[in-house]
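# Structural overview
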Number of protein chains: 2
Amino acid sequence: MKEQFYQYIQNLQDEITLALEAVDSKATFQQDLWERPEGGGGRTRVIENGNVIEKGGVNISAVHGPLPKTMQAYFKVEDVDFFACGLSLVIHPKNPMAPTVHANWRYFEMYNKDGEVVDQWFGGGQDLTPYYLFDEDAIHFHQTCKTACDKHDPEFYPLYKKKCDAYFHNAHRGEARGLGGLFFDYCKETSERTIEQWYDFVTEVGNSFTSAYVPILEKRKDLPYTQEQRDWQEIRRGRYVEFNLVHDKGTLFGLKTNGRIESILMSLPPHVQWVYDHRPEEGSEEAKLLAVLKEPKDWL
Amino acid sequence: MKEQFYQYIQNLQDEITLALEAVDSKATFQQDLWERPEGGGGRTRVIENGNVIEKGGVNISAVHGPLPKTMQAYFKVEDVDFFACGLSLVIHPKNPMAPTVHANWRYFEMYNKDGEVVDQWFGGGQDLTPYYLFDEDAIHFHQTCKTACDKHDPEFYPLYKKKCDAYFHNAHRGEARGLGGLFFDYCKETSERTIEQWYDFVTEVGNSFTSAYVPILEKRKDLPYTQEQRDWQEIRRGRYVEFNLVHDKGTLFGLKTNGRIESILMSLPPHVQWVYDHRPEEGSEEAKLLAVLKEPKDWL
């Protein structure tokens, strides 16, 4: 399974970076290969200062070795070996009318001292963070998520949509990071579903990413905008930073387990503002977005 | 003691905001009074878009009530009441040649069920975060710290300078946040030093702040700079955000104990950049700063 999934995310990284370069038509992804001293490594691809994409990364990694102490405590296991691989992406478009997107698909294995697999699971998801609300974009993104889910289980979309809203929540602000999408974790073999069936589900979601996001980016990338709208985007990007540095388990894990800092923090937006006690005008487009972030909505 | 110290920080807030307004000569501090639902409140003063200060806050608060659960776990106590008051300030100048500064002085009391004080201590410090290195500024700041310390104990400056370097450390970057200064905590009554003597020490440091920082700000606020130097300042401000959101105990405490978010996060800089894998040219002024941040220096 680990070879099969790692092969899959390598191909998916190629597909997604090609699709995004085609939309941008100016900047290309720059690749960095890196090695983890304790075992494994990754292929980081970052794009900056494009026509359309101000900053983005589509990264894969496959790491292995003894499970670090901090992760032993987290998973409540002792002294085991692990393998983890995944693809993580964040795209920050320049135009404030175009939403930021994040996605991640990952696979995890743990081994006992004889090298036997004692646990294995998939996790991942994808979610949309706009600066201005276009209902049709939210509906398109969620519909694409639902279509992928429904091929596997009609209960998946409502369940993983809800988990996504719960996870990407800036608790200290009492607001969602964005409009959500899907979030799933610890997808393990059961009597109802084999690990191969989970693989089919996770790759179905991975395959849906481009058609979930690229049409939205195409539609919004050339809309006119004002400096005030750009400022609003940069202020909202500040909330993105707050979520990733204060609440995001993936980011904090990476920082505390000696991950490659530049690959982990490629998720942070290029230009960001913090304005004291900023509040949008009542009835404005900005206030409309905030209202939806305060109270996650069922888009479908 | 609590009335005495709270009176002191109220006066100090007036003194410091007046001194900074005089340097800025355009913007003035805007005041927000706030109340904490569980008891107490604060007086937040924020300045933005000045001639000299791009963003800054000089805040006081005095809060009390049952010690929140998260803090009970931290202090390893159960079910006690507390009182805490302090002044916190962060100043982000516009000019990249002028350093950011942070300071905090605080007093804490804990009570048993009969309302008797069972524990009390002072804490605080002040530290400097430049974007370009002027040795004379670092020396002036540290000398002012040392002069204040030496009036109380010749061991204080070396001890609290070292604690400051250890605390303001961006572990995930392997670099200091800035050039340090002083950091002290749990300053409690002992056979050698009464709580009144600690009060004298902490207020000595508080009184030294203006003469530690304002002359540096005066000297650097009108130096010419390029767009590239401004970009470097904004990139380094990103490290400031990383420290405050990932490592700073005060910030995380505030976020997790239902503090007033806008008063806590006033510390975040106004304009910030994250550039993938940014590295200054060898031998440049930017590289000179990084070298000092990698290896804290004895300035005196």
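Residues numbered from 1 in each chain as written. Chains lettered and ligands numbered in written order. Predicted model: local features only at pLDDT ≥ 70, side-chain atom pairs only at ≥ 80, totals over all residues.

Note: predicted coordinates in regions of low pLDDT should not be interpreted at a detailed level. For chain A, per-residue confidence averages 95 on the pLDDT scale, and 99% of positions sit at 70 or higher. The ipTM for the predicted assembly is 0.94, set against a pTM of 0.95. (pLDDT = per-residue confidence, 0-100.)

Here we take up the interface of chain B and chain A. Facing the 23 residues of chain B at the interface are 23 residues of chain A. Residue assignment for the side of chain B that touches chain A shows that the elements contributing at least two residues are strand S2 (40-48), helix H6 (227-247), helix H8 (261-264) and strand S10 (271-273) of chain B. Taken together, the residues of the side of chain B that touches chain A sort by class into 15 nonpolar, three polar and five charged. With three bridges connecting them, strand S10 (residues 271-273) of chain A and S10(B) associate as antiparallel partners. By the bridge assignment, Val272(A) is partnered in S10(B) with Val272(B). (Contact = placed C-beta atoms within 7 Å. Helix = DSSP H or I, 4+ residues; strand = E, 2+ residues; numbered from the N terminus. Nonpolar A, V, L, I, M, F, W, Y, C, P; charged D, E, K, R; others polar. Pairing = 2+ DSSP bridges.)

Viewed as axis vectors pointing N to C, helix H6 (residues 227-247) of chain A and H6(B) meet at an angle of 45°, and their least axial separation amounts to 8 Å. Here H6(A) is positioned oblique relative to H6(B), judged by the angle of their axes. Once H6(A) is placed against H6(B), the crossing between them reads as right-handed. When H6(A) is examined against H6(B), the residues Val241(A), Glu242(A), Leu245(A) and Val246(A) are found in contact with a partner set consisting of Val241(B), Glu242(B), Leu245(B) and Val246(B). A class-by-class count of the residues in the contact of H6(A) with H6(B) yields six nonpolar, no polar and two charged. (Axes fitted to C-alpha atoms, helices over the stretch in contact; angles between N-to-C directions. Parallel < 35°, antiparallel > 145°, perpendicular 65-115°, else oblique. Left-handed = near helix turned anticlockwise from the far one by under 90°.)

Take the sheet that holds strand S4 (residues 81-93) of chain B next. Residues and elements named next belong to chain B. Within the open sheet, the seven strands sit side by side as S1-S2-S3-S4-S5-S6-S9. Their pairing is antiparallel. Both edges of this open sheet fall to strand S1 (30-35) and strand S9 (180-187), since each of them pairs with a single strand only. Averaged over all pairs of adjacent strands, the angle between their axes in this sheet comes to 5°, without regard to strand direction. Bridging between strand S6 (residues 117-129) and S9 involves six bridges; their strand directions are antiparallel. When the bridges of S9 are listed, Asp127 appears paired with Gly181. Most of the contacts of helix H4 (residues 156-167) go to S9, to which it runs at about 100°, and overall it touches S6 and S9.

Residues and elements named next belong to chain B. Here strand S5 (residues 100-111) pairs with S6 via twelve bridges, running antiparallel. By the bridge assignment for S6, Phe108 is matched with Trp121. From the end of S5 to the start of S6, which pair antiparallel, there are five residues, and Gly115 there has a positive phi angle of about 80°.

Attention shifts here to the relation of the copies chain B and chain A. Mapping chain B onto chain A is achieved by rotating through 180° and translating by 0.0 Å along the same axis, at an RMSD of 0.0 Å. The superposition operator between the copies reduces to a two-fold rotation axis. Among all residues of chain B, the one whose C-alpha sits closest to the rotation axis is Val272(B), at a distance of 2.5 Å. Interface overlap between copies is the fraction of interface residues in one copy that are interface residues in the other; for chain B against chain A it reaches 100%, indicating a shared surface. (Least-squares fit on C-alpha atoms with pLDDT ≥ 70 in both.)

A word on the sheet that holds strand S5 (residues 100-111) of chain A. Residue and element names in this part refer to chain A. The strand order across the open sheet built from seven strands is S1-S2-S3-S4-S5-S6-S9, with neighbouring strands paired in antiparallel fashion. On the outer flanks of this sheet lie strand S1 (30-35) and strand S9 (180-187), each paired with one strand and no other. With strand direction ignored, the average angle separating the axes of adjacent strands in the sheet is 5°. Here helix H3 (residues 135-150) sits on the sheet and contacts strand S6 (117-129) and S9; the angle it forms with S9, its principal contact strand, is near 25°. Those strands touched by helix H5 (residues 195-220) are strand S4 (81-93), S5, S6 and S9, and its axis lies near 15° from that of S6.

A word on the nonpolar core. Ranked by internal contacts, the top residues of the largest apolar core, which has 146 residues, are Tyr160(A) and Tyr160(B). Apart from residues no more than four positions distant in its own chain, Tyr160(B) is found in contact with Gly125(B), Cys149(B), Leu182(B), Phe183(B) and Phe184(B). (Core = buried A, V, L, I, M, F, W, Y, C linked by C-beta atoms within 7 Å. Buried ≥ 20, exposed ≤ 12 C-beta atoms within 10 Å, placed from the backbone.)

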